[in-house]
Amino acid sequence: MIPLLLRDIRLSVRAGGGALIGVLFFMTVVAVIPFGVGPDLNLLSRIGPAILWIGALLAALLGLDRLFQAEREDGSLDLLLMQETPLVLTVLVKCLAHWIATGLPLVIAAPLLGLFMNMDEVAIGATTLTLLAGTPAITFIGAAGAAIAVALPRGGLLVSILVLPLAIPVLIFGVSAVHAAIEDPAPFLPPFLILVAINLFFAVIGPVAAAAALRLSSD
Amino acid sequence: MSEPSLAIRKFSDLANPTRFLALVALLWPWMAGLTLCLFAFGLYLSFATLGDYQQGETVRIMYIHVPAAWLSMMCYSVMAVSALGTLVWRHPLADVSAKAAAPLGACFTLIALITGSLWGKPMWGTWWVWDARLTSVFVLFLMYLGLIALNRAMADDPTRAAKVGAVLILVGFVNIPIIKFSVEWWNTLHQPASVVRLDGPTIDPEFLRPLMVMAVAFTLFFFTLHVLAMRNEILRRRISVLRRHAARAVGREGSDA
Amino acid sequence: MSHAFYVTLSYLSAFGIALGLVLWVWLDHRGRQKELARLEAAGIRRRSAHSGEAQ
């Protein structure tokens, strides 16, 4: 499993792998927002966490269609399907590799972009922490969408359409945890723990559904 | 079999599409007739009853809004059962059922959204509020549209589309409670207190009777359309199989000559 | 605007969408029947068509 993890990370970090494109997309989306809503720093600091979250959500969805497509094109997907190890485990490892290559850079870039949004230290810390807890969930549930659309030649847009409604809970609890951290009366932990719970739940159903879809679309 | 019997004896006999088609041909006029009668009765009741003293005439919108919203959820449940039928029991009609139900579900959800919006305008003074219920119905609508888009994108391979679509339906079905819960959480955080809650007072029996009749009428309407859409889907698949056979036969003749 | 306006509009829109569904199902059925008839006329029929049994 470790070799598969390393192989996948190496493949996606390599040129043409598209891991960096996600971060660039994230930065561009966040940088475009002030041109839309105006350079009012108070407003930006108020909507900053939400902007970072939406940008990260979109950027995480962007690279998802490549999760299984390259394997399908060069035929290694069939090898993965025929392996002794359960397919669910393989998918889980592939999700982890995909998250390390595309999700983790988003989390690391978030504090920098938080400065652009005039957010204070608490807000930046909370946003980074919730992104760290929430982006794996997007990758897991996105893996199901990617596996469903794997047979389609241009499935990228479809993956986003299929996955976005399912990712709404992640967005809601991520942003409300940040808001709870900024505004004193509301407690931070409940929404954050629910976010972690959603993450664990998606870590189960995402790979299971993705494995089922891969098996069904191969025969 | 020289003497084919088209009688349906067991539920598994429904798996035979020809028998299913015969049953549909037998049943659908009755279903359609009963639906029409129920709609006539329900519409009569909904306009004969009194208006609410608070909501006035607009309470009549409830008689189509609530049944449509109920159907939007029931249709997804029908699709989830069909998805299980595809994946677990490999019932040949299950994927036809799931595919035929998706556009119906989307339309009923659209009815619920439009009538809800038209109810909201005089009641709340705005066409749309990000109320927990409206929002979750809207998300459901998006999920229906995604399923239809998936079916359309894989139109050349309906069996595979049905299988992976079934996975998606089930993933969505598991997620619906989470989405509902999260939308309610989000709503209590942001809800301005002024919005009138719909579920406040218990429903007066005066309104309950037309509501029930209309709900039954809508449900029957859905099932009538559903079996007819399933029939169309079976015919469509037969045609594509026939075309493929014909093309193969032509190819064989061409190589012989 | 009066409440009756909203009531009428919502009933009309629901009726319109329902009518659209009925029309879609009906036209779809007619189209498929015609296609089958055309294939039949071209001599292409199901192997099981005479016995009425599917495979």
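Residues numbered from 1 in each chain as written. Chains lettered and ligands numbered in written order. Predicted model: local features only at pLDDT ≥ 70, side-chain atom pairs only at ≥ 80, totals over all residues. Heavy atoms only, no water.

Chain C has the name Heme exporter protein D in an unreviewed UniProt entry, where Shinella pollutisoli is given as its organism. As recorded by UniProt, the Sequence similarities (unreviewed entry) comment attached to chain C reads in full: "Belongs to the CcmD/CycX/HelD family." Under the UniProt heading Subcellular location (unreviewed entry), the note attached to chain C is "Cell inner membrane". (UniProt positions renumbered as here; feature names shortened; annotations may be inferred.)

For chain B, the name recorded in an unreviewed UniProt entry is Heme exporter protein C, with Shinella pollutisoli as its organism. Recorded in UniProt for chain B, the comment headed Sequence similarities (unreviewed entry) runs: "Belongs to the CcmC/CycZ/HelC family." Of the comments in the UniProt record for chain B, the one headed Function (unreviewed entry) reads "Required for the export of heme to the periplasm for the biogenesis of c-type cytochromes."

## Some points on the overall build of chain B
Broken down by element type, chain B carries 6 helices and 0 strands. Along chain B, helices (α) and strands (β) appear in the sequence α-α-α-α-α-α when read from the amino end. Pairs at least 24 apart in sequence give 79% of the contacts found in chain B among residues at least 6 apart. For chain B, the accessible surface area stands at approximately 12600 Å², while carbon and sulfur atoms represent 69% of it. (Helix = DSSP H or I, 4+ residues; strand = E, 2+ residues; numbered from the N terminus. Contact = heavy atoms within 4.5 Å. Areas by Shrake-Rupley, 256 points an atom, 1.4 Å probe, with all protein chains shown as cover.)

## Quick look at the UniProt feature "transmembrane region" (unreviewed entry) in chain B
Residues and elements named next belong to chain B. Within this numbering scheme, the UniProt entry marks residues 20-47, 67-89, 101-120, 132-150, 162-183 and 207-229 as carrying the feature "transmembrane region" (unreviewed entry). Between the C-alpha atoms that bound residues 67-89 the distance is 31 Å, and the span itself is 100% helix and 0% strand. In residues 207-229, the share of helix is 100% and the share of strand is 0%. The end C-alpha atoms are 33 Å apart.

## Points about the pattern of salt bridges
Within the structure shown, the criterion is met by 9 salt bridges over all chains. Where Asp95(B) meets Arg237(B), a salt bridge forms, and the shortest distance between an N and an O atom there is 3.4 Å. Pair noted here: Asp95(B) is in helix α3 (residues 94-124) and Arg237(B) is in helix α6 (residues 205-256), with a separation of 142 residues, a long-range link. On the accessibility criterion, Asp95(B) (10% relative accessible area) is buried. The partner of Lys99(B) in a salt bridge is Glu233(B), with the nearest N and O atoms 3.2 Å apart. Taken together, the residues Lys99(B) in helix α3 and Glu233(B) in helix α6 connect sequence positions 134 residues apart. By relative accessible area, which is 5% here, Glu233(B) ends up buried. Taken together, the shared-partner salt bridges connect Asp95(B), Lys99(B), Glu233(B), Arg236(B), Arg237(B), Arg243(B), Asp28(C), Arg32(C) and Glu35(C) into one network. (Salt bridge = Lys/Arg side-chain N within 4 Å of Asp/Glu carboxyl O. Buried < 20%, exposed > 50% of the residue type's maximum accessible area, 1.4 Å probe, protein only.)

## Quick word on the packing of aromatic side chains
For the structure shown, the criterion picks out 14 aromatic pairs over all chains. Between Tyr76(B) and Tyr144(B) the ring centres are 5.7 Å apart and the planes differ by 65°, which places this aromatic pair in the edge-to-face class. Of this pair, Tyr76(B) sits in helix α2 (residues 62-89) while Tyr144(B) sits in helix α4 (residues 132-153), and the two are 68 residues apart along the sequence. Overall, Tyr76(B) belongs to the buried group, its relative accessible area being 2%. Exposure remark for Tyr144(B): the relative accessible area of 0% places this residue in the buried category. Centroid distance Trp127(B) to Tyr6(C): 6.1 Å. Interplanar angle 65°. Geometry classified as edge-to-face. A residue pair is termed interchain when its members come from two chains, as with Trp127(B) in the loop between α3 and α4 and Tyr6(C) in helix α1 (residues 3-41). An aromatic cluster is built from Phe39(B), Phe108(B), Phe218(B), Phe221(B), Phe222(B) and Phe223(B), whose rings are joined through pairwise contacts. Above the face of the Trp26(C) ring, Arg30(C) is positioned so that its terminal group lies 5.1 Å from the ring centre. (Phe/Tyr/Trp six-rings, centres within 6.5 Å; stacked < 30°, edge-to-face > 60°. Lys NZ or Arg CZ within 6 Å of the ring centre and 35° of its normal.)

## Re a nonpolar patch on the surface
Together, Phe15(C), Leu19(C), Leu23(C), Trp26(C) and Leu27(C) give the surface a local cluster of nonpolar side chains, amounting to about 520 Å² of exposed area. In this fold, Leu23(C) is placed in helix α1. (Patch = residues over 30% accessible without salt bridge, like charges linked within 9 Å, V, L, I, M, F, W, Y side chains within 5 Å.)

## Re α1(C)
Given 3.6 residues per turn, any residue in an α-helix points the same way as the ones three and four places further on. Relative to the 57 Å expected for 39 residues at 1.5 Å per residue, α1(C) spans 57 Å between its end C-alpha atoms, a close match to the ideal helical length. Once α1(C) finishes, Gly43(C) follows within two positions and takes phi at roughly 85°, a positive value. (Expected span 1.5 Å × (residues − 1).)

## Quick look at helix α1 (residues 17-48) of chain B
Residue and element names in this part refer to chain B. The end-to-end C-alpha distance of α1 is 44 Å, a good match for the 46 Å that 32 residues give at a rise of 1.5 Å each. Of all the bends in α1, the greatest reaches close to 40° and is centred on Leu-27; the proline Pro-29 follows between one and four positions later. Among the residues of α1, Thr-18, Arg-19, Phe-20, Leu-21, Val-24, Met-31, Thr-35, Leu-38, Phe-39, Gly-42, Leu-45 and Ser-46 are the ones counted as buried. (Bend = angle between axes of the 7 residues up to and from the residue.)

## Thoughts on the environment of Val25(C)
With respect to the helices and strands, Val25(C) occurs in helix α1. Residue classification places Val25(C) among the buried positions, given a relative accessible area of 4%. Considered as a pair, Val25(C) and Glu40(C) are 15 residues apart in the sequence and their alpha carbons are 22 Å apart. Setting aside residues no more than four positions away along its own chain, Val25(C) makes contact with Leu225(B), Leu228(B), Ala229(B) and Asn232(B).

## Side note on empty space enclosed by the protein
Under the definition given, this model contains 4 cavities of 30 Å³ or more. Every residue lining the largest cavity is counted, 13 residues in all, and those nearest its centre are Ala98(B), Lys99(B), Asn151(B), Gly165(B) and Ile169(B). Taken together, the elements giving at least two residues each to the lining of the largest cavity come down to α3, α4 and α5 (158-190) of chain B. The dominant element in the lining of the largest cavity, judged by the number of residues it contributes, is α5(B), at 5 residues. Considered class by class, the residues forming the lining of the largest cavity number 9 nonpolar, 2 polar and 2 charged. Here the second largest cavity defines a volume of roughly 80 Å³. In terms of lining, the second largest cavity is formed by Ile161(A), Leu162(A), Pro165(A), Leu166(A), Tyr76(B), Leu142(B), Met143(B), Gly146(B), Leu147(B), Leu168(B) and Gly172(B). Counting residues per element, the ones that place at least two in the lining of the second largest cavity are α8 (156-182) of chain A together with α4 and α5 of chain B. Of the residues belonging to the lining of the second largest cavity, the class tally is 9 nonpolar, 2 polar and no charged. (1 Å grid on protein atoms, 1.4 Å probe; cavity = no way out; pocket = protein on both sides within 12 Å on 5 of 7 lines; lining within 4 Å. Points joined across faces, edges and corners; volume = space filled by probe spheres on them. Nonpolar A, V, L, I, M, F, W, Y, C, P; charged D, E, K, R; others polar.)

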